[in-house]
Amino acid sequence: MNYKISQDILTICLPERIDTSTASDIGAELNGICSSHPHSELILDASATTYIASSGLRIILILAKQNRQMRVIGTQPNVFSVFDMTGFTRIVKIEKALRRIELREENLLALGGNGAVYRLSDEEIVKVNFKPVMREELQKEIDSSQEALICGVPTAISYDVVDCGEGRLGTVYEAIKSDNLSCLVMKCPDRFDELVDQYVSLLHTVHSNNSAPANLPKTKAVMAAHLENLRDTKLPSAKIDTLLRLLDVIPEADTLVHGDCHPKNVMMMNGELLYIDIADISIGHPMVDFLMYAVISRPLTGSIPETMLEQVTGFTHDVRERFFFQTLKRYFGYDDTRVEWLLQLLDNMGMLIMATSILHLIVKPELYEAEVGYISRYADRLDSGLFDRLRTDLLSWAEDFRGTESLSSY
């Protein structure tokens, strides 16, 4: 058997067949390789394996008991089904071989801020991130969409990670034969009010859901982790501590937070709106969704060009402003004056949300550096008196949620 060891990780390529007649010799060889090469993690590459008998499964089980960090990769569908049916997938980390697909330019459906979407067939689309993403992260996105669906959140079904070539991985979704909400608003201006109302209803459906499973992450914990990662940048630690203090003012709650709820991530299917791109779903206070949406809808710096904003949101500037204004007005039942007050609050919170949720997605170094500079000056403003005003306004806004469908029982 071929093997290699790199950075304390031992990878062994399993043979084509592990049956009753060969299992004993294969087991002895595997033990010999493992004993001769000290390691912290064992990887069994099963990409060439087409058959495994029960005696082979016992070998895998023994190795798993001897190696706390062990996984089987590249497992072909028929072999994976054996592991799955015998319960091995519950006790050993076993990764199915990725389906290989070819991305064609003519099948490009949409470009977003973080990736592109291609049509695979009449039933499938694939989302490919611009930045390299680990398979575990994409599997988390699939798991999150399944959890959301089980909780009753209308969402597209995500069910597979695929190899898109050139080191790129993609996530496969069911194909929805319709436009996203932004496109519908732009194409059907006479339906503007109707579509805003449907969108607000969808937001209430997500935000009034307090049956989320405990394994979903906590919204503020995720945001705090992004802030901690900024300690490796030019942003002084004292300013990061100031941002963490403001983050702590955001109330806790046990409702679902989409994390990227702007209208381009909403599709219409059979007259019903449903969410896509639900990788960032978490448990927290619904005000976070509005804070994040505001940063995309109302950018606070001049470093993000309008062309990029139109690509990300699907709206022209005027429609983007109007749609967001009406969403706030109808979600909370506000009059125009209260909406303007909230817009001012959202603007004043924007740099915190940039730091906690969006900055790590920026690819261009010069754009990243510009935003870090804006965030640094924002922390200075917080220390100069803005913090106390924002704390008062956030607590006032939190009370308004209690009168909506979202936190009426909170």
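Located above this text is the structure these notes cover.
What counts, and at which threshold
Each chain has its residues counted from 1, following the order in which its sequence is written. Totals for whole chains, interfaces and linings use every residue, but because this is a predicted model, local features are given only for residues with pLDDT of at least 70 and side-chain atom pairs only at 80 or more, for both listing and counting. Heavy atoms from the whole structure form the basis of all side-chain values; hydrogens and water molecules are not counted. Runs of E in the DSSP output that reach at least two residues are strands. Runs of H or I that reach at least four are helices, and both are numbered from the N terminus. Burial classes follow relative accessibility: with a 1.4 Å probe on protein chains only, a residue under 20% of its type's maximum area counts as buried, one over 50% as exposed, and anything between as partly exposed. Note on definitions: a residue-residue contact is assigned when non-hydrogen atoms from the two residues lie within 4.5 Å. Per-residue and other accessible areas follow the Shrake-Rupley method at a 1.4 Å probe size, with only the shown protein chains counted as cover for residues. His residues and chain termini do not enter the charge count, which takes Lys and Arg as positive and Asp and Glu as negative. For this purpose, a charge sits on NZ of Lys, CZ of Arg, CG of Asp or CD of Glu. Strand pairing is assigned whenever DSSP identifies at least 2 bridges connecting the two strands. An axis is simply a line fitted to the C-alpha atoms; with a helix, the fit covers only the stretch in contact. Between two such axes, the angle follows the N-to-C directions and lies from 0 to 180 degrees. Only residues above 30% relative accessible area that lack a salt bridge enter a patch, with like-charged residues linked at up to 9 Å and the nonpolar side chains Val, Leu, Ile, Met, Phe, Trp and Tyr linked at up to 5 Å. The term salt bridge refers to a side-chain nitrogen of Lys or Arg lying within 4 Å of a carboxyl oxygen of Asp or Glu. Multiplying 1.5 Å by the helix residue count minus one yields the expected span of that helix. The rule is short: rings of Phe, Tyr and Trp, with Trp giving its six-membered ring, pair when the centres are within 6.5 Å, and they are stacked under 30 degrees, edge-to-face over 60, tilted in between.

*Asks:* What am I meant to see in the overall build of the chain here?
*Replies:* A count of helical and extended segments in the chain gives 13 helices and 17 strands. Principal axes of the C-alpha set define a box for the chain whose edges measure 80 × 50 × 45 Å. Relative to its full complement of 410 residues, the chain shows a buried share of 49%. In the chain, once contacts between residues fewer than 6 apart in sequence are set aside, the share between residues at least 24 apart is 69%. Carbon and sulfur atoms make up 50% of the accessible area of the chain, which totals about 19,500 Å². One way to put it: in the chain the 40 positive side-chain charges average out to a point 2 Å from where the 58 negative ones average out.

*Asks:* Explanation requested: the sheet that holds strand E2 (residues 9-13) in the structure shown.
*Replies:* Within a beta sheet, neighbouring strands are joined by backbone hydrogen bonds and run either parallel or antiparallel to one another. Reading across the sheet, the 5 strands line up as E1-E2-E4-E6-E7 and stay open at both edges, with mixed pairing between neighbours. The open sheet terminates on both sides in strands that have one partner only, identified here as strand E1 (3-6) and strand E7 (93-96). Sheet twist, expressed as the mean angle between neighbouring strand axes with direction ignored, is 15°. Pairing of strand E6 (residues 70-75) with E7, which is carried by 3 bridges, proceeds in the parallel orientation. When the sheet's bridge partners are listed, Thr-75 is paired in E7 with Lys-96. Docked against the sheet, helix H1 (residues 23-36) engages E1, E2 and strand E4 (41-45), running at close to 160° with respect to E2.

*Asks:* Sorry if this is basic, but what is going on with a nonpolar patch on the surface here?
*Replies:* Taken together, the side chains of Leu-149, Ile-157 and Tyr-159 present a nonpolar region at the surface, about 260 Å² in accessible area. Within the secondary structure layout, Tyr-159 lies in strand E12 (residues 158-165). In this structure Tyr-159 comes out as partly exposed when scored by relative accessible area, which is 37%.

*Asks:* Looking at this model, I keep getting lost on helix H11 (residues 317-332). Mind explaining?
*Replies:* Structurally, the α-helix is built with 3.6 residues per turn, so residues lying three or four positions apart point the same way. Look at H11: 23 Å from first C-alpha to last across 16 residues, which is about the 22 Å you get at 1.5 Å a residue. Every buried residue of H11 is accounted for by Arg-320, Phe-323, Phe-324, Phe-325, Gln-326, Thr-327, Leu-328, Tyr-331 and Phe-332. Here the buried face of H11 lies against helix H5 (181-187), helix H6 (192-207), helix H9 (287-297), helix H10 (306-313), helix H12 (336-358) and helix H13 (365-401). Looking at the residues trailing H11, positive phi occurs at Gly-333, about 70°.

*Asks:* What's the story with unusual backbone geometry in this structure? I'm lost.
*Replies:* Negative phi characterises most residues that are not glycine, and trans characterises most peptide bonds. The backbone of Gln-7 sits at a positive phi, close to 50°, despite the residue not being glycine. Since its relative accessible area comes to 74%, Gln-7 is described here as exposed. We note that Asp-8 has phi near 70°; this positive angle belongs to a residue other than glycine. Along the chain, the position of Asp-8 falls in the loop between E1 and E2. With relative accessibility at 45%, the residue Asp-8 sits in the partly exposed group.

*Asks:* Mind showing me how you'd approach the environment of Gln-76 here?
*Replies:* Tracing the sequence through the fold places Gln-76 in the loop between E6 and helix H3 (77-85). When its relative accessible area of 26% is taken as the criterion, Gln-76 is described as partly exposed. Sequence separation between Gln-76 and Ala-225 is 149 residues; the distance between their C-alpha atoms is 36 Å. Gln-76 has contacts with Ala-46, Ser-47, Thr-49 and Ala-97, leaving out every residue within four places of it along the chain.

*Asks:* When you look at the environment of Gln-326 in this model, what are you seeing that I'm missing?
*Replies:* Position of Gln-326 among the secondary structure elements: in helix H11. Sequence separation of Gln-326 and Val-200 is 126 residues, and the distance between their C-alpha atoms is 9.4 Å. Not counting residues within four places of it along the chain, the set of residues in contact with Gln-326 comprises Phe-192 and Val-196.

*Asks:* Can you help me understand the packing of aromatic side chains in this one?
*Replies:* Aromatic rings in a pair are described by how distant their centres are and how their planes are angled relative to each other. Within the structure shown, the criterion is met by 16 aromatic pairs. Ring centres 5.8 Å apart and planes at 85° place the aromatic pair Phe-192 and Phe-323 in the edge-to-face group. Taken together, the residues span a long stretch of sequence, with Phe-192 in helix H6 and Phe-323 in helix H11 at a distance of 131 residues. For Phe-323, a relative accessible area of 0% translates into the label buried.

*Asks:* Looking at this structure, I do not really get the pairing of strand E15 (residues 266-269). What am I missing?
*Replies:* Successive residues of a regular strand alternate their side chains across the two faces of the sheet. Bridge count between E15 and strand E16 (residues 272-275): 4 bridges; the pairing is antiparallel. Considered in E16, the bridge of Met-269 is made with Glu-272. Here E15 folds back onto E16 in antiparallel fashion, the turn holding 2 residues, of which Asn-270 has a positive phi close to 55°.

*Asks:* Sorry, what's going on with the pattern of salt bridges here?
*Replies:* Side chains that differ in charge, positive against negative, can pair when their charged atoms come close. In the structure shown here, the tally under the stated rule is 19 salt bridges. Between Glu-369 and Lys-234 there is a salt bridge, with its nearest N and O atoms 3.8 Å apart. Placement of Glu-369 in helix H13 and of Lys-234 in the loop between helix H7 (219-229) and helix H8 (237-249) is noted, with a sequence separation of 135 residues between them. With a closest N to O distance of 3.3 Å, Asp-380 and Lys-239 form a salt bridge. Highlighted residues: Asp-380 in helix H13 and Lys-239 in helix H8, separated in sequence by 141 residues. The partly exposed category is assigned to Asp-380, whose relative accessible area is 35%. We classify Lys-239 as buried; its relative accessible area is 16%. Counted as one network, the salt bridges with shared partners bring together Glu-41, Arg-71 and Glu-95.

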